[in-house]
Amino acid sequence: MTAPLVDIRNVSHRFGQLAVLKDVSLRIEPGSYTILLGPSGSGKTTLLSILGGFVTPSEGKVFIRGEDCTSVPPARRPTTTVFQDYALFPHMSVGGNVGFGLRMQGVDGATRAARAREALALVGLAAAFDKKPHQLSGGQRQRVALARALVIEPAVLLLDEPLGALDLKLRRQMQDELKAIQKRVGTAFIHVTHDQEEAMALADHCVVMNDGRIEDEGPPERVYARPSTRFAATFMGESTILSGTVAEAKGGTATVATPIGSVCVPGAAQAGAQVALAIRPEHLVLGANEGGVGLGMAKISDVVFQGSFKRVLATSTVDAALRFIAKAPASATVQTGDTVAISCQAGDMILLAN
Amino acid sequence: MRQSVRIVSWLYALAVYGFIFLPVVVLVLFSLQSTSFPIPPFTGPSLRWYEAVLSDARLTSALVNSLLVASISSLAAVTLGFLCAWGFARFVLPGSGLLRGLITLPLTVSYLIIGMGLLVLFNWAGVPKSLLAAGIGHVVINLPLCFAIIYSQMGDHQINIERAARDLGAPEWKVLLLITVPVMAPAIFAGFFLSMTFSWDEFVISFLLTRFDTTLPVEIWNLLRSGLNPKTNAVGSLVFAVSIVLVVLFELTLLRRRKT
């Protein structure tokens, strides 16, 4: 077992009275692409600032390559940051920007220029060497910021909502390129975002944060298929949440009493515990109920055509507080106002402690 | 009706600009007089009084003194003002608002009071009356101005740029010299040129704090004591011309700032 590249141990941080991080521990493996995913105010950006050295945590330690970096200033730690607003030096050429880190290391001009050109070629901007930042588009500035941070070969590259300022199409395109660049250079990337699609597309390791805590972490496929908390189930992709009380639990199966009746699901739980059952939209079946778990009738309140599928919102006729979010095929003939039976497979229901 | 409103407004504008510029126009016009008295009728144009000014050793040395005092004191004022602004903008200081107010306070105090204060202080400290003393006086009046101009332009958007430089390994003095100063250059130049303008034609402090070597405004005042002649007009016009150049430079640097 190799030592983790980054080891965050029991980090807490307060801004005045406000606790923004509450006892966070996280390990990051070399060469991995880690996404910190969470809504604003979840503490993800503060955690990134602590890794970058811009903020010293109130409690806890940060080890990078086995060294205690908790209060090492940004200049002397093996991390570089790509800022959300890119923070390019407006008075320097693109080449000057990319070469700045090497200049600070005392690398001579010719070597600096050669390595800056290499880094620019890596991000597909070889031709921009002599331009000024204001002559570039948003996406190009983003690449320059990336090249500037990568050229000094950091152990960890930190990206603070790097795609936040780009329009949707460019964002998806840059997303693919980021992943490709990361695979090519092999540097560990830690990337902060509130966009769950971005997280699923990029992450090797996805960390879902909420209210200063890590709610769930792991490969995005696992976090999506088997979220470990109710928050993760609703923030990383959508879910229908069915609340209930465990009536009986034995042999790896729990019987949960819910407003729409008793439901048997696989999973371990204590009898009498308050639980939530999460169901992904693609697992809900509208109409005919064959061999699944019946979830009662629901009145469709909205149908949104999304191209390859229809997103259906429905309210249970039994319990008005229960809202279903389902994904129906694009060819489905459901309409707003219809009342349909809803069901799903027992195995697709995720049992979550409340 | 509308026609007469137009005429009246034109007349009004003419009167306002006349009121402001007539003294200067008269000064410049009679500096070109060819006879010995700067009073109508106009007998020029002639450059003989400009020649007289430039061949007057006292006036030319005063002119050089003025330029030296203006440029060196402005350099000092803009450097100190920049450092103050950077300190206030980037660090959380106790009583920051009060301290900022104190720094800009000299802007509201009359030059006469500042000059008298410095005179008393230098007298007590044993600093003789000199160009250096006057230069220090000019730093006192121009530092608050430079501070105010630079501080107003030092926004939060530069904080991340400085952070990025630190992140890439720059020590603090390199961050200042390679990043903050170039990014703030328009405000720094604007502060410098405005300080030059004020120092260049400042009279009261120079009058109180210099003795043998003195600045141009003080020398002009000496000249005026022996009565009006076109030579005083000529040297006054020169002072005015330099001021105009400095103000134009100030405006240009500020304008460039707004465009980017």
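Residues numbered from 1 in each chain as written. Chains lettered and ligands numbered in written order. Predicted model: local features only at pLDDT ≥ 70, side-chain atom pairs only at ≥ 80, totals over all residues.

1. Concerning the overall build of chain B
Note the threshold: Segments assigned H or I by DSSP are reported as helices when at least four residues long, segments assigned E as strands when at least two residues long, and all are numbered from the N terminus. Working definition of a contact: two residues with C-beta atoms, positioned from the backbone, lying within 7 Å.
On a plain count of helices and strands, chain B comes out with 12 helices and zero strands. Listing every helix and strand of chain B by position from the N terminus yields α-α-α-α-α-α-α-α-α-α-α-α. In terms of overall dimensions, chain B has C-alpha extents of about 70 × 65 × 30 Å along its principal axes. In chain B, once contacts between residues fewer than 6 apart in sequence are set aside, the share between residues at least 24 apart is 76%.

2. Thoughts on the domain arrangement of chain A
It is common to give the size of an interface as the accessible area lost on bringing the parts into contact. All names here are of chain A. For clarity, the threshold we go by: An automatic or database domain assignment supplies the residue ranges for each domain.
Entries for chain A in the domain assignment read domain 1 (6-233) and domain 2 (238-353). Averaged C-alpha coordinates put domain 1 and domain 2 at centres separated by 38 Å. The partner domain 2 presents six residues to the five residues of domain 1 that form the contact.

3. Remarks on the pairing of strand β16 (residues 293-305) of chain A
Residues and elements named next belong to chain A. Filter applied, for reference: For two strands to pair, DSSP has to find at least two bridges joining them.
Looking at chain direction, β16 and strand β19 (residues 339-344) are connected through five bridges and run antiparallel. Residue G294 lies in a different strand from β19, and its bridge partner there is S343. Where β16 and strand β17 (residues 309-316) come together, seven bridges link them in antiparallel fashion. Along β17, the bridge assignment pairs I300 with A314. The turn joining β16 and β17, which pair antiparallel and follow one another in sequence, is formed by three residues; a positive phi near 95° is taken by G307.

4. Remarks on the nonpolar core
Basically, it comes down to this: Residues of type Ala, Val, Leu, Ile, Met, Phe, Trp, Tyr and Cys that are buried and joined through C-beta atoms within 7 Å form what is called a nonpolar core. Put simply, a residue is buried when 20 or more other C-beta atoms lie within 10 Å of its own C-beta and exposed when 12 or fewer do; between those, it is partly exposed, and each C-beta is set from the backbone.
Counting 147 residues, the largest nonpolar core has A147 and L277 of chain A together with I150 of chain B as the members making the most contacts within it. Examining the composition of this core, we find that 12 residues originate from one element, helix α6 (residues 131-153) of chain B, more than from any other. The residues that make up this core include at least three from each of domain 1 (6-233) and domain 2 (238-353) of chain A. Aside from chain neighbours lying at most four places away, what touches L277 of chain A is L242, G244, V256, V263, V265, M349, I350 and L351 of chain A. Within the second largest apolar cluster, eight residues are counted, among which are V53, A62, L63 and L216 of chain B.

5. Thoughts on the sheet that holds strand β15 (residues 285-286) of chain A
Within the open sheet, the five strands sit side by side as β15-β19-β16-β17-β18 (chain A). Their pairing is antiparallel. The open sheet has two edge strands with one neighbour each: β15 and β18 (323-329) of chain A.

6. Things to note about the interface of chain A and chain B
How we decide: Gly is placed with the polar residues, together with every amino acid not listed as nonpolar (Ala, Val, Leu, Ile, Met, Phe, Trp, Tyr, Cys and Pro) or charged (Asp, Glu, Lys and Arg).
Facing the 17 residues of chain A at the interface are 15 residues of chain B. Of all the elements in the fold, those that place two or more residues in the side of chain A that touches chain B are β6 (79-82) and α2 (94-104) of chain A. Sort the elements by how many residues they give to the side of chain A that touches chain B and α2 of chain A lands first, with three residues. Of the residues assigned to the side of chain A that touches chain B, the class counts are 10 nonpolar, six polar and one charged.

7. Concerning the environment of I179 of chain B
Among the secondary structure elements, I179 of chain B is positioned in helix α8 (residues 172-183). On the neighbour-count criterion, I179 of chain B (23 C-beta atoms within 10 Å) is buried. The spacing of I179 of chain B and F30 of chain B is 149 residues in sequence and 50 Å in space, taken between C-alpha atoms. Discounting chain neighbours no more than four positions away, the residues touching I179 of chain B are F89 of chain A together with I161, E162 and A165 of chain B.

8. What about the packing of α2 of chain A against helix α4 (residues 138-150) of chain A?
Residue and element names in this part refer to chain A. Just so we agree on the cut-off: Lines fitted to C-alpha atoms define the axes, with helix axes restricted to the stretch in contact, and inter-axis angles between N-to-C directions lie between 0 and 180 degrees. Orientation categories follow fixed angle ranges, with anything under 35 degrees roughly parallel, anything over 145 roughly antiparallel, 65 to 115 roughly perpendicular, and all other angles oblique. In this scheme the crossing of two helices becomes right-handed for a clockwise turn of the near helix relative to the far one and left-handed for an anticlockwise turn of less than a right angle.
Where α2 contacts α4, the two axes come as close as 7 Å, and the packing angle between them is 30°. The angle between α2 and α4 places the two elements in the roughly parallel class. As α2 runs across α4, the sense of the crossing is right-handed. Two secondary-structure elements touch here, α2 through V94, N97, V98, F100 and G101 and α4 through V144, A147 and R148. A class-by-class count of the residues in the contact of α2 with α4 yields five nonpolar, two polar and one charged.

9. Describing the sheet that holds strand β8 (residues 188-193) of chain A
Residues and elements named next belong to chain A. With mixed pairing, the six strands of this open sheet are ordered in space as β6-β7-β8-β3-β9-β10. Looking at the sheet topology across the chains shown, the edges are occupied by β6 and β10 (213-218). Ignoring which end each strand starts from, the neighbouring axes of this sheet average 20° apart. Note: strand β7 (residues 156-160) against β8, five bridges, orientation parallel.

10. Looking at the environment of D216 of chain A
Residues and elements named next belong to chain A. Secondary-structure assignment places D216 in strand β10. Sequence separation between D216 and A75 is 141 residues; the distance between their C-alpha atoms is 32 Å. Among all residues touching D216, those that are not within four sequence positions of it are V208, V223, P227, S228, T229 and A232.

11. Observations concerning unusual backbone geometry
Residues and elements named next belong to chain A. One non-glycine residue, N10, lies in positive phi territory at about 50°. Relative to the assigned elements, N10 resides in strand β1 (residues 6-15). Taking the C-beta count within 10 Å as the criterion, N10 has 12 such neighbours and is therefore assigned exposed.

12. Regarding the environment of I39 of chain B
Residues and elements named next belong to chain B. As for its placement among the helices and strands, I39 is situated in the loop between α1 (2-31) and α2 (48-54). I39 sits in the exposed class, given 10 other C-beta atoms within 10 Å. A sequence separation of 25 residues divides I39 from L14, and the C-alpha atoms of the two residues are 24 Å apart.

13. Some remarks on the confidence of the model for chain B
So the rule is basically this: Confidence per residue, as judged by the predictor, is encoded in pLDDT with a range of 0 to 100.
Per-residue confidence for chain B gives a mean pLDDT of 87; residues scoring 70 or more make up 98%. Listed scores for the predicted complex are pTM 0.79 and ipTM 0.79.

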